[in-house]
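Residues per chain, in single letters:
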Amino acid sequence: MLNDLWYKNAIIYCLSVGTFMDANGDGVGDFQGLMRRLAYLQGLGVTTIWLMPFQPSPGRDNGYDVSDYYNVDPKYGTLGDFAEFTHACDERGMRVIIDLVVNHTSDQHPWFKEARSDPASKYRDWYVWSDSQPSNAKSGVVFPGVQKSTWSFDKRAKRWYFHRFYDFQPDLNTSNPYVQAELLKIMGFWIQLGVSGFRMDAVPFVIATKGTKVRRPVEQYDMLRTFREFLQWREGDAIILAEANVMPDTDLEYFGDEGERLPMMFNFQLNQNTFYTLATGDTNPLKKALIATKPRPPTAQWGVFLRNHDELDLGRLTPDQRAAVFAEFAPEPDMQLYGRGIRRRLAPMLAGDRRRLELAYSLMLTLPGTPVFRYGDEIGMGDDLRRHERESTRTPMQWSTEQQGGFTKHPKPPVRVISGGAYGFERVNVASQRRDPNSFLNWMERMIRMRREVPEISWGDFEVLRTSRNDVFALRYDWRNNSVLCVHNFGDEACTVRFRSGYNETGDDRLINLLSDDHSHAGDDGRHAVVLEPYGYRWYRVGGLDYLLRRTEV
Ligand code: NOJ
């Protein structure tokens, strides 16, 4: 069992070293630059940095094509810089988790190079081969429209190899015990260098059976226990945060009934339904997703997010629901991707509407789980749709109005900083927002601070309250004799929400507003009447055990 559950009330911030801050002026972000920005992240309230892949890589999938698991890509620095970085985080009380991409390697990895050229090599069986083209080679692609198949012919080996993702990412044969041992070794290596765990890439595929005989891949869930046990033998409180976009009825397979498998998973189900609710104001699917993903062991935790570095995957919505989200947030075909997703950042999706942005983040911060931010979202950064596929949302961090947004001194960085227009660095940047007390950044900082002070959300049991109005969503948490109530209005109209509450033991009937002085007192009929602005939200703490906020009326 984990000896500390720090991840339950963490604030996770995801960034890629290459686009965060460039210290040496070569146009590419690096560890030295990132270290200069740790005070900023600490000030924002970040407790855990999630680093996207920074190991040597040909860079054909944003680093998710690793060619050496035991090193730092020289573009970003050295292993020495990495150790300095984890030390600097440690000094500031921040933890680091890193991506663990072991479903596949790059085709430039020495293991694959040897495997393809030497049939007698021990690495041959580290990959998944077929003598002839498998009949299902065209099925199961992850990137429809871009990726043509899951098996490709290798001229060198004169055989076909399996790749769940792009053809330059040959799948590792994860059933091979030697591959499994190597995977543990990789974890052990980075743990020694000071990380607190891993965001594990593509978990359902890592544990799936692979090969020509496999018609329907079967997940070997026991592997998850092995990963977890190893990790905790090495470092008692290290975690794995799983990228597993799976159906709610398999969630417990990943967590383990007793929490003996992976402690954290991203809640993709909630993510997609949140966007549906943001697009339509209909809160029912959001409520259903919450209830469907509610069962989990006490030590397990969801990672709750809005946008990440990939497309916003809407694949689990119904076609009508998906069409509604597309219509609202990605009306142009160029904004959509793989027939199922949206390749935009959140701020432009919400047309830069501060009210809706606040609503979305207030919701994210109050959903059951640990919030996971994406760099730049705290200042409302935009996207660059001229960049291909998912690259649109991976532009450099915008720090100031200096040239290249203060990201680099290089006049032409390989990844252009967004310039001009509503989201260019001239208008959207950290420096300007820090000086403005009403900026989105300062709002976010206050919200994060408050979120950290509301452990009820991380630890408590929740209940979705019944509301007579479908566009108002009310969630109550109970933990250690405290209750918190979060109310969100997804409608574009103001409304009054009425709660029938009881009185607490001391007769104090107030709802304490956690975000302003505007507390609520019950009326003579024992009910609270809260006026919510269009897209308005409230966080309240309720005292006493006998508050009966079981029912809201609007
Ligand atoms: C999931 C990652 O989030 C994505 O960016 C990547 O392309 C695939 N896994 C393949 O590694």
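All of these numbers come straight from a predicted model, not from anything done at the bench.

What follows covers the overall build of the protein. Within the protein, the regular secondary structure consists of 16 helices and 22 strands. Residues counted as buried form 63% of the 554 residues belonging to the protein. Pairs at least 24 apart in sequence give 68% of the contacts found in the protein among residues at least 6 apart. For the protein, the accessible area works out to roughly 21500 Å², and carbon and sulfur atoms hold 48% of it. Across the protein, 69 positive and 73 negative side-chain charges occur, with their mean positions spaced 3 Å apart.

Taken together, the neighbourhood of the ligand is formed by Asp61, Tyr64, His104, Phe143, Phe165, Arg199, Asp201, Glu243, His309, Asp310, Arg390 and Arg394. Here aspartate 201 contributes a side-chain N or O atom positioned 2.8 Å from an oxygen atom of the ligand. The separation between an oxygen atom of the ligand and a polar side-chain atom of arginine 390 is 2.9 Å. Burial of the ligand by the surrounding chains reaches 98%, relative to a free accessible area of 300 Å². According to the grid-proximity analysis, the pocket containing the ligand is the largest pocket. Here the residues of the shell around the ligand are counted per class, giving 3 nonpolar, 2 polar and 7 charged.

Turning next to the packing of helix α9 (residues 268–280) against helix α11 (residues 319–329). Packing of α9 against α11 brings their axes to within 9 Å, and their N-to-C directions diverge by 60 degrees. If you check the angle between α9 and α11, you find them oblique. Note on packing geometry: the crossing formed by α9 with α11 is left-handed. Residue-level inspection shows Phe275, Tyr276, Leu278, Ala279 and Thr280 of α9 in contact with α11, the latter providing Gln321, Ala324, Val325, Glu328 and Phe329. Here the contact of α9 with α11 is composed, by residue class, of 7 nonpolar, 2 polar and 1 charged.

Attention now goes to the pattern of salt bridges. Pairing between side chains of opposite charge can happen when the charged atoms of each approach one another. Per the stated rule, a full pass over the model turns up 32 salt bridges. Its salt-bridge partner being arginine 390, residue aspartate 61 comes within 3.2 Å of it at the nearest N-O pair. Taken as a pair, aspartate 61 in the loop between β2 (48–51) and α3 (79–91) and arginine 390 in the loop between β14 (370–374) and α14 (430–435) lie far apart in primary sequence, 329 residues in all. Accessibility assignment for this pair places aspartate 61 and arginine 390 in one class, buried.

What follows covers empty space enclosed by the protein. Inspection of the entire model under this criterion finds 6 cavities of 30 Å³ or more. If you add up the space inside the largest cavity, you get close to 60 Å³. As for the largest cavity, its lining consists of Pro53, Gln55, Val66, Tyr69, Ile98, Asp99, Leu100, Val101, Ile186, Trp190 and Phe198. Looking at the lining of the largest cavity, the elements with two or more residues in it are β3 (95–100) and α5 (177–192). At 3 residues, the largest contribution of residues to the lining of the largest cavity is made by β3. Classifying every residue of the lining of the largest cavity by side-chain character gives 9 nonpolar, 1 polar and 1 charged.

We now examine the UniProt feature "domain: Glycosyl hydrolase family 13 catalytic" (unreviewed entry) in the protein. Those places that UniProt annotates as "domain: Glycosyl hydrolase family 13 catalytic" (unreviewed entry) correspond, in this numbering, to residues 14–408. The span residues 14–408 shows a helical share of 31% and a strand share of 12%, and its end C-alpha atoms are spaced 20 Å apart.

Once that is clear, we can look at the layout of surface pockets. Approximately 1000 Å³ is the volume found for the largest pocket. Along the walls of the largest pocket sit 42 residues, with Val142, Phe205, Asn245, Asp313 and Arg316 positioned nearest its centre. Counting only elements with at least two residues in the lining of the largest pocket, the list comes to α6 (203–206), α9 and β11 (312–313). The dominant element in the lining of the largest pocket, judged by the number of residues it contributes, is α9, at 3 residues. Class assignment of the residues belonging to the lining of the largest pocket gives a composition of 19 nonpolar, 8 polar and 15 charged.

Here the focus is the sheet that holds β11. Across the sheet, 3 strands lie side by side as β11-β13-β12; this open sheet has antiparallel pairing. The open sheet terminates on both sides in strands that have one partner only, identified here as β11 and β12 (336–337). With 2 bridges joining them, β12 and strand β13 (residues 341–342) adopt antiparallel strand pairing. Bridge assignment links glutamine 336 to a residue of β13, and that residue is isoleucine 342.

How each quantity is defined
- Residues numbered from 1 in each chain as written.
- Predicted model: local features only at pLDDT ≥ 70, side-chain atom pairs only at ≥ 80, totals over all residues.
- Heavy atoms only, no water.
- Helix = DSSP H or I, 4+ residues; strand = E, 2+ residues; numbered from the N terminus.
- Buried < 20%, exposed > 50% of the residue type's maximum accessible area, 1.4 Å probe, protein only.
- Contact = heavy atoms within 4.5 Å.
- Areas by Shrake-Rupley, 256 points an atom, 1.4 Å probe, with all protein chains shown as cover.
- Lys, Arg positive; Asp, Glu negative; His and termini not counted.
- Charge placed at Lys NZ, Arg CZ, Asp CG, Glu CD.
- Near = heavy atom within 4 Å.
- Polar contact = N/O pair within 3.5 Å; in protein donor to acceptor, adjacent residues only side chain to side chain.
- 1 Å grid on protein atoms, 1.4 Å probe; cavity = no way out; pocket = protein on both sides within 12 Å on 5 of 7 lines; lining within 4 Å.
- Sits in = over half its atoms within 2 Å of the grid points.
- Nonpolar A, V, L, I, M, F, W, Y, C, P; charged D, E, K, R; others polar.
- Axes fitted to C-alpha atoms, helices over the stretch in contact; angles between N-to-C directions.
- Parallel < 35°, antiparallel > 145°, perpendicular 65-115°, else oblique.
- Left-handed = near helix turned anticlockwise from the far one by under 90°.
- Salt bridge = Lys/Arg side-chain N within 4 Å of Asp/Glu carboxyl O.
- Points joined across faces, edges and corners; volume = space filled by probe spheres on them.
- UniProt positions renumbered as here; feature names shortened; annotations may be inferred.
- Pairing = 2+ DSSP bridges.

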